[in-house]
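For reference, the chains in residue letters:
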Amino acid sequence: GAGVSQSPSNKVTEKGKDVELRCDPISGHTALYWYRQSLGQGLEFLIYFQGNSAPDKSGLPSDRFSAERTGGSVSTLTIQRTQQEDSAVYLCASSLGRTGGTDTQYFGPGTRLTVL
Amino acid sequence: AQSVTQLDSHVSVSEGTPVLLRCNYSSSYSPSLFWYVQHPNKGLQLLLKYTSAATLVKGINGFEAEFKKSETSFHLTKPSAHMSDAAEYFCVVSNQAGTALIFGKGTTLSVSS
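Regarding the packing of aromatic side chains
Any pair of aromatic rings gets described here by the distance separating the centres and the angle formed by the planes.
Turning to step 1, where the next piece is worked out: Scanning the entire structure with this criterion turns up 14 aromatic pairs over all chains.
Turning to step 2, where the next piece is worked out: Ring geometry for Tyr35(A) versus Phe45(A): centroids 5.8 Å apart, planes at 70 degrees, classification edge-to-face. A residue pair is termed long-range when its members are at least 10 positions apart, and Tyr35(A) in strand β4 (residues 31-38) and Phe45(A) in strand β5 (residues 42-50) qualify at 10 residues. Accessibility classification places Tyr35(A) together with Phe45(A) in one group, the buried group.
Turning to step 3, where the next piece is worked out: Where Phe63(B) meets Tyr89(B), the ring centres are 5.6 Å apart and the plane angle is 45 degrees; that geometry is what we call tilted. A residue pair is termed long-range when its members are at least 10 positions apart, and Phe63(B) in the loop between β7 (56-58) and β8 (64-68) and Tyr89(B) in strand β10 (residues 87-94) qualify at 26 residues.

With respect to the pairing of strand β6 (residues 44-50) of chain B
Residues and elements named next belong to chain B.
Turning to step 1, where the next piece is worked out: Both strand β5 (residues 33-38) and β6 contribute to a ladder of six bridges, which runs antiparallel. Pairing of Val 37 across the sheet is with Gln 45, part of β6.
Turning to step 2, where the next piece is worked out: Remark: five residues form the turn of the hairpin made by β5 and β6, two consecutive strands paired antiparallel; Asn 41 in that turn has positive phi of roughly 60 degrees.

Examining the environment of Ala97(B)
Residues and elements named next belong to chain B.
Turning to step 1, where the next piece is worked out: Mapped onto the fold, Ala 97 is located in the loop between β10 and β11 (101-103).
Turning to step 2, where the next piece is worked out: Judged by its relative accessible area of 55%, Ala 97 falls in the exposed class.
Turning to step 3, where the next piece is worked out: Sequence separation of Ala 97 and Asn 24 is 73 residues, and the distance between their C-alpha atoms is 20 Å.

Some words on the sheet that holds strand β1 (residues 5-7) of chain A
What links the strands of a sheet is backbone hydrogen bonding, and the strands pair in either a parallel or an antiparallel sense.
Residue and element names in this part refer to chain A.
Turning to step 1, where the next piece is worked out: Pairing is antiparallel in the open sheet, where four strands are placed in the order β1-β3-β8-β7. Each end of this open sheet is capped by a strand with a single partner; those strands are β1 and β7 (65-69). Put simply, the sheet's adjacent strands are angled 15 degrees from each other on average, direction ignored.
Turning to step 2, where the next piece is worked out: Sheet topology places β7 next to strand β8 (residues 75-79); five bridges connect them, and they run antiparallel.

Let's talk about the interface of chain B and chain A
Turning to step 1, where the next piece is worked out: Counting from both sides, the interface comprises 18 residues of chain B and, opposite them, 18 residues of chain A.
Turning to step 2, where the next piece is worked out: Roughly 1500 Å² of surface becomes buried between chain B and chain A when both sides are summed, with 53% attributable to carbon and sulfur atoms.
Turning to step 3, where the next piece is worked out: Counting every contact that joins chain B to chain A gives five residue pairs in polar contact (both at pLDDT 80 or more).
Turning to step 4, where the next piece is worked out: Secondary structure elements with two or more residues in the side of chain B that touches chain A: β5, β6, β10 and β11 of chain B.

Describing unusual backbone geometry
Turning to step 1, where the next piece is worked out: A cis amide bond links Ser7(A) to the next residue, Pro8(A), at an omega of -10 degrees.
Turning to step 2, where the next piece is worked out: The residue Pro8(A) is located in the loop between β1 and β2 (10-13) in this model.
Turning to step 3, where the next piece is worked out: The phi dihedral of Asn61(B) falls on the positive side, at around 60 degrees, and the residue is not glycine.
Turning to step 4, where the next piece is worked out: Structurally, Asn61(B) can be placed in the loop between β7 and β8.
Turning to step 5, where the next piece is worked out: The phi dihedral of Thr72(B) falls on the positive side, at around 45 degrees, and the residue is not glycine.
Turning to step 6, where the next piece is worked out: Structurally, the position occupied by Thr72(B) is in the loop between β8 and β9 (73-78).

Cut-off values and rules
- Residues numbered from 1 in each chain as written.
- Chains lettered and ligands numbered in written order.
- Predicted model: local features only at pLDDT ≥ 70, side-chain atom pairs only at ≥ 80, totals over all residues.
- Heavy atoms only, no water.
- Phe/Tyr/Trp six-rings, centres within 6.5 Å; stacked < 30°, edge-to-face > 60°.
- Helix = DSSP H or I, 4+ residues; strand = E, 2+ residues; numbered from the N terminus.
- Buried < 20%, exposed > 50% of the residue type's maximum accessible area, 1.4 Å probe, protein only.
- Pairing = 2+ DSSP bridges.
- Axes fitted to C-alpha atoms, helices over the stretch in contact; angles between N-to-C directions.
- Contact = heavy atoms within 4.5 Å.
- Buried area = accessible area lost by both parts, 1.4 Å probe.
- Polar contact = N/O pair within 3.5 Å; in protein donor to acceptor, adjacent residues only side chain to side chain.

Below is the structure:
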């Protein structure tokens, strides 16, 4: 079946602009996650959704970052007033939503964000 | 807090020889541990996971890992490397709440003919 999809695949923006990144999870997956992969910091967790709620936002690096999920499906990660240090690959993952940390997370191909 | 340490940033092997990628973890609870692989310009793919069942876990493409609580290790092995195994490998632990994965820094595996 279809995997996790993300759009756009690449985004180039100017410092100070806002950007929106989209994630379509695997159908039927109630849990959705955002991560960031950068050369300096490696792979970092950003936020976790269960349904439309975000019980764990502990990884969001600043209040310029926000995310929402509607209809228990599509999620949008928004970065306001982008900075050069926001340049990274933003990865989305989804899982069935079982508790206990045993869920397998399936990752999308990522959105490469470049802030000039 | 939980964490993982991948002991080698780069491992080079010859095709047909064994692969060993080392990972140590730190956790105050019984962890779920994973190995993911990332091929160039491809997404992350799960190789295998340990979730407190059998300590020897078999994954895809001939990889396996052994959970050793006494050594706090979860090393990844493969008996015979193939050229297609060249990729970045991540050792991962789930946080206690199960809401996030915590990734190691990664090990780049190079395979020469």
